[in-house]
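Remarks on the overall topology
Each chain, letter by letter, is given below.
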There are 4 protein chains.
Amino acid sequence: MTDKPDDKPDKPRRRLPRSVREQEILDAAVQVFSKRGYRAAVVDEIAELAGISKPMVYLYLGSKEGLFVACVRRESARLVAAFREAADAGGPPEGRLWAGLAAFFGYVAEHRDSWVVMHRQAPEQGEEIAGELAAARRSVMAEVTGLVGAGIAEGGGGPIKLGAEDAEFVAHALVGAADSLTDWMERHPGESPEAVTVRLMNVMWVGMRNVLAGEVWSRPEG
Amino acid sequence: MTDKPDDKPDKPRRRLPRSVREQEILDAAVQVFSKRGYRAAVVDEIAELAGISKPMVYLYLGSKEGLFVACVRRESARLVAAFREAADAGGPPEGRLWAGLAAFFGYVAEHRDSWVVMHRQAPEQGEEIAGELAAARRSVMAEVTGLVGAGIAEGGGGPIKLGAEDAEFVAHALVGAADSLTDWMERHPGESPEAVTVRLMNVMWVGMRNVLAGEVWSRPEG
Amino acid sequence: MTDKPDDKPDKPRRRLPRSVREQEILDAAVQVFSKRGYRAAVVDEIAELAGISKPMVYLYLGSKEGLFVACVRRESARLVAAFREAADAGGPPEGRLWAGLAAFFGYVAEHRDSWVVMHRQAPEQGEEIAGELAAARRSVMAEVTGLVGAGIAEGGGGPIKLGAEDAEFVAHALVGAADSLTDWMERHPGESPEAVTVRLMNVMWVGMRNVLAGEVWSRPEG
Amino acid sequence: MTDKPDDKPDKPRRRLPRSVREQEILDAAVQVFSKRGYRAAVVDEIAELAGISKPMVYLYLGSKEGLFVACVRRESARLVAAFREAADAGGPPEGRLWAGLAAFFGYVAEHRDSWVVMHRQAPEQGEEIAGELAAARRSVMAEVTGLVGAGIAEGGGGPIKLGAEDAEFVAHALVGAADSLTDWMERHPGESPEAVTVRLMNVMWVGMRNVLAGEVWSRPEG
DNA sequence: AATGAATGAGATTTCATTCAT
DNA sequence: TATGAATGAAATCTCATTCAT
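Criteria and cut-off values
Each chain carries its own residue numbering, running from 1 in the written order of its sequence. In the order they appear in the text, chains get letters beginning with A and ligands get numbers beginning with 1. At least 70 in pLDDT is required for a residue's local features to be given in this predicted model, at least 80 for side-chain atom pairs to be given and counted, and no such filter applies to totals for whole chains, interfaces and linings, which use all residues. Heavy atoms from the whole structure form the basis of all side-chain values; hydrogens and water molecules are not counted. Contact criterion: two residues are considered in contact whenever any of their non-hydrogen atoms come within 4.5 Å of each other. By convention in these notes, a salt bridge is any Lys or Arg side-chain nitrogen within 4 Å of a carboxyl oxygen on Asp or Glu. The definition of a polar contact used here is a pair of N or O atoms within 3.5 Å, where within protein one atom must be able to donate a hydrogen and the other to accept one, and adjacent residues in sequence count solely through side-chain atom pairs. Strands are runs of DSSP state E lasting at least 2 residues, helices are runs of H or I lasting at least 4, and numbering of each runs from the N terminus. Gly falls in the polar group here, along with every residue not listed as nonpolar (Ala, Val, Leu, Ile, Met, Phe, Trp, Tyr, Cys, Pro) or charged (Asp, Glu, Lys, Arg). Near is defined per residue: the residue qualifies when any heavy atom it owns lies within 4 Å of the molecule or strand. Summed over both partners, the accessible area (1.4 Å probe) lost when two parts come together is defined as the buried area. When the copies are superposed, the least-squares fit draws on C-alpha atoms of residues that have pLDDT of at least 70 in both. Buried Ala, Val, Leu, Ile, Met, Phe, Trp, Tyr and Cys residues that are joined via side-chain atoms within 4.5 Å together make up what is termed a nonpolar core. Relative accessibility decides the category of a residue: with a 1.4 Å probe and only protein chains considered, values under 20% of the type maximum give buried, values over 50% give exposed, and everything between is partly exposed.

A look at the interface of chain C and chain D
Interface extent is often summarised as the accessible area lost during association of the parts. On the side of chain D, 50 residues touch chain C, which itself brings 50 residues to the contact. Run the count over chain C and chain D and you get four salt bridges. Between Glu165(D) and Arg199(C) there is a salt bridge whose closest N-O contact spans 3.3 Å. Where chain C touches chain D, the interface holds six residue pairs in polar contact (both at pLDDT 80 or more). Counting residues per element, the side of chain C that touches chain D draws most heavily on helix α9 (residues 193–212) of chain C, which supplies 15 residues. Considering only residue class, the side of chain C that touches chain D consists of 23 nonpolar, eleven polar and 16 charged.

Printed below as a string of structure tokens:
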């Protein structure tokens, strides 16, 4: 009666297995947490976006906090995977570095929600959430740091020794820049992630290379 | 009535003029908004931190939203002012650029609260707040862009023409990097903001300079 | 289909007849209602304890309320039966009285769950439940009153006439005492229900007998 | 407009000091907890009965659990006070015992709600509540036990030695009987608490006295 | 100018109950 | 016969906001 036989078979009140539903819920949750932030996000909206009722969300993920933690875990794993996959291809290290960074920028640009969930949440949401966020950031940052460090080591040989601390420094700068540059990309829709990567490499990698070669910037006399 | 004039002057129960009170409220509000985020911040905590009662907050700033808007306005004005002040000193342009950027990094590092209120708030909190945040961010970014653009124009002349778009690109990268590097600074307490600025200039500015001189990074064959 | 007939008989996945299943459900329900109270009891727990799924509970008993009513009916019937069985044995009346009361105390002590379901539930859970609880309590109390009354009639003959009202009074006191003494028994595990019965008879029955014989307590002058 | 000047001055939207309001809230809470039990009680009903809004209840007592604990504390203190006050009057011990018991019965009968809150709650409501209930019961029971023990000691001298364990036993029986007898009193409105006390003393005290005197009940041969 | 008292609206979370298979 | 999936309704608790003094 409410269900004419010629309805689309796709949407009508699906009865999905747990694992599929769970992923759909996480998809919705990432969107909402990203758009609103942890506190401002309301579980009702997540449920509605996932096409189910609120109690389902609680049945599957246990609590708003559990939901958020699951999001952070899944999304950070995905970003790290994208990174590794691109960077693990063979070839000279600088190329792998480029590929990893391009994948990183591409991912951050394309999955803004995902990135925002991991990176832009105030860390005052309680013990477990803070820990989970910190872990996610560490794992992302470690991946970038590793690649940068490899690139530095490879390009090394100049009079200046760049060590682990420098790799971390550059990784922080790159990650921050990438995050911020997604705003820029939004206003320049013509630019592909690769183009942005090249732009940034022009600024940062060439700089690094020259620093390795001994050219050091210092404040001009004023 | 409960307050004879010869009370001890120790617990002030101050009767401050509007403007002073208002600033104190804003001071408290910036702290709380920064620590908790807009939604999670509770007006009670702000009032308590300001040492007054909640109705006073409403009397002075009208609403939670008004309170937040006033914070954002004041803080962005301060950051822009720090900027201008440093960059407006005389001397060669590259020195003024350095000074401006160092002031920017220094400000972001030192006034974490202020910066977080402007930059780390989800921009989906309602019409007026979103607008105010966007305006604040734009005005900060414009200032950085201006400085970078001036530096580029000054150093320009190479075969590659860097235009307004490039300045904006670099500004976004710098702002994002500065933001992210405050995390790094927290874990490296020995490094002064100036030292961090130099580090970053080593990587980014030297790179930019060389790019201006025609040295372009391109993906190595792989 | 998922169930080939040569499955191991170990995890039964039993296909029980209605009546047996129903009793198992009631067993579980009595436990849970007793432990949590009517409102706090959750049907999920009852189903799990009974080893079946929740919809089966609804199929068999219709609703949480129906489930509770069935529990109360079955348990009060059991208590009354334990009573009658003990008291109906032959012998002198005082012995039958003792046997009945001992059975009562023993039942209350040993089937704590059963007793709690009948006696410790707030009687404000809605029309049908309140009625059922009242009926159960009345029927238990009637049984005790009957026994006590028989004992009194038997021993009667003194100057004081104990009537139906007195029997009811004593019955209430006995039932309340039995209830409360189960707490005492829990802290004195060495004492058997029969020993407790004797103790109480020492205090109450001897008192009653003497009262029947004309010895009346009155407040001493003070 | 909603408030004609000739309204009764008694009810209209009072603005009470904290301590008074708090007592009113507790009054309402005792009623509701008693009628419904802890879980079934809803804070809305308590608030309405207290004539205020729900948030006030939370402001004053913190949580439903805190509310309940406060009730139990206040009510058990009151009952114990009623007891002590009556029993502390001078005179021979048996009279003080009678007075204490009469006060106890009177209090339980008159403040049924109070008593039910302390005595009839299932002890499965979580750590703090269980502890609070246990403490309340212990303090009430200790008071009764003390008086009974004093009475026993005073009357002692017979061949049978009644000790602390017996006093506890009798106290449990008395308390349980008193609780149950309030039901009986409800159906016999003509009987005063003192009359009920006398009735019970007739049954229990005379029994005790005779037991002290060596008359022991034992099961007749059957 | 200042505040203690109060509340309406909305957040998270739970649970009895029913589909669809 | 049996159940995994799903939900409407209601519970506790929080918070921006306003009275009454």
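Some remarks on the protein's contact with DNA strand F
Of all residues adjacent to DNA strand F, which total 38 residues, the nearest are Arg15(A), Arg21(A), Pro55(A), Lys54(B) and Tyr58(B). Protein-proximal atoms of DNA strand F, defined as those within 4 Å of the protein, fall in sugar or phosphate at a share of 65%. Between a phosphate oxygen of DNA strand F and a side-chain N or O atom of Arg39(A), the distance comes to 3.3 Å. In the environment of DNA strand F, a phosphate oxygen lies 3.1 Å from a nitrogen or oxygen atom belonging to the side chain of Tyr60(A). The set of elements that each furnish at least two residues to the surface near DNA strand F consists of α1 (18–36) and α3 (54–61) of chain A, α3 (54–61) of chain B, α3 (54–61) of chain C together with α3 (54–61) of chain D. Per element, the largest residue contribution to the surface near DNA strand F is five residues, and it comes from α3(C). The class makeup of the residues in the surface near DNA strand F is 20 nonpolar, four polar and 14 charged.

A few points about the protein's contact with DNA strand E
Taken together, 37 residues lie around DNA strand E, and Lys54(C), Tyr58(C), Arg15(D), Arg21(D) and Pro55(D) are the ones closest in. Sugar plus phosphate: this is where 65% of the atoms of DNA strand E within 4 Å of the protein reside. One of the backbone nitrogen or oxygen atoms of Ala41(A) is found 3.3 Å away from a phosphate oxygen of DNA strand E. At 2.5 Å, a side-chain N or O of Lys54(C) approaches a base oxygen of DNA strand E. Only α3 of chain A, α3 of chain B, α3 of chain C together with α1 (18–36) and α3 of chain D provide two or more residues apiece to the surface near DNA strand E. In terms of residue count, α3(B) provides more of the surface near DNA strand E than any other element does, four residues in total. Here the residues of the surface near DNA strand E sort into 19 nonpolar, four polar and 14 charged.

Overview of the interface of chain A and chain B
In this complex, chain A contributes 51 residues to the contact, which on the side of chain B involves 51 residues. For the pair chain A and chain B, the summed buried area comes to about 4800 Å², and 62% of that belongs to carbon and sulfur atoms. Looking at the side of chain A facing chain B, the largest losses of area belong to Phe169(A), His172(A) and Trp217(A), adding up to 18% of the total buried there. The interface formed by chain A and chain B includes four salt bridges.

So, the relation of the copies chain A and chain B
If you rotate chain A by 179° and push it 0.3 Å along the axis, it lands on chain B with an RMSD of 0.4 Å. Interpreted geometrically, this transformation is the action of a two-fold axis. Judged by C-alpha distance, Gly207(A) is the residue of chain A that lies nearest the rotation axis, at 1.6 Å. When you check the interface residues of chain A against chain B, 98% turn up at the interface there too, and the contact is symmetric in its surfaces.

Brief notes about the relation of the copies chain C and chain D
Two copies of one chain are present, and they are related through a rotation about an axis combined with an axial shift. Expressed as a screw operation, the relation of chain C to chain D combines 0.4 Å of axial shift with a rotation of 179°, fitting to an RMSD of 0.4 Å. A share of 96% of interface residues in chain C that are also interface residues in chain D marks the association as one of identical surfaces.

Focus on the nonpolar core
Among the nonpolar cores identified, the biggest contains 136 residues, and Phe33(A), Phe104(A), Phe33(B) and Phe104(B) are the most heavily contacted of them. Here this core takes twelve residues from helix α8 (residues 164–187) of chain A, the largest share from any one element. Residue contacts for Phe104(B): discarding those within four places in its chain leaves Leu79(B), Phe83(B), Trp115(B), Val140(B), Val144(B), Leu174(B), Val175(B) and Ala178(B). Of all hydrophobic cores here, the second largest spans 135 residues; its members include Leu101(C), Val170(C), Leu174(C) and Tyr107(D).

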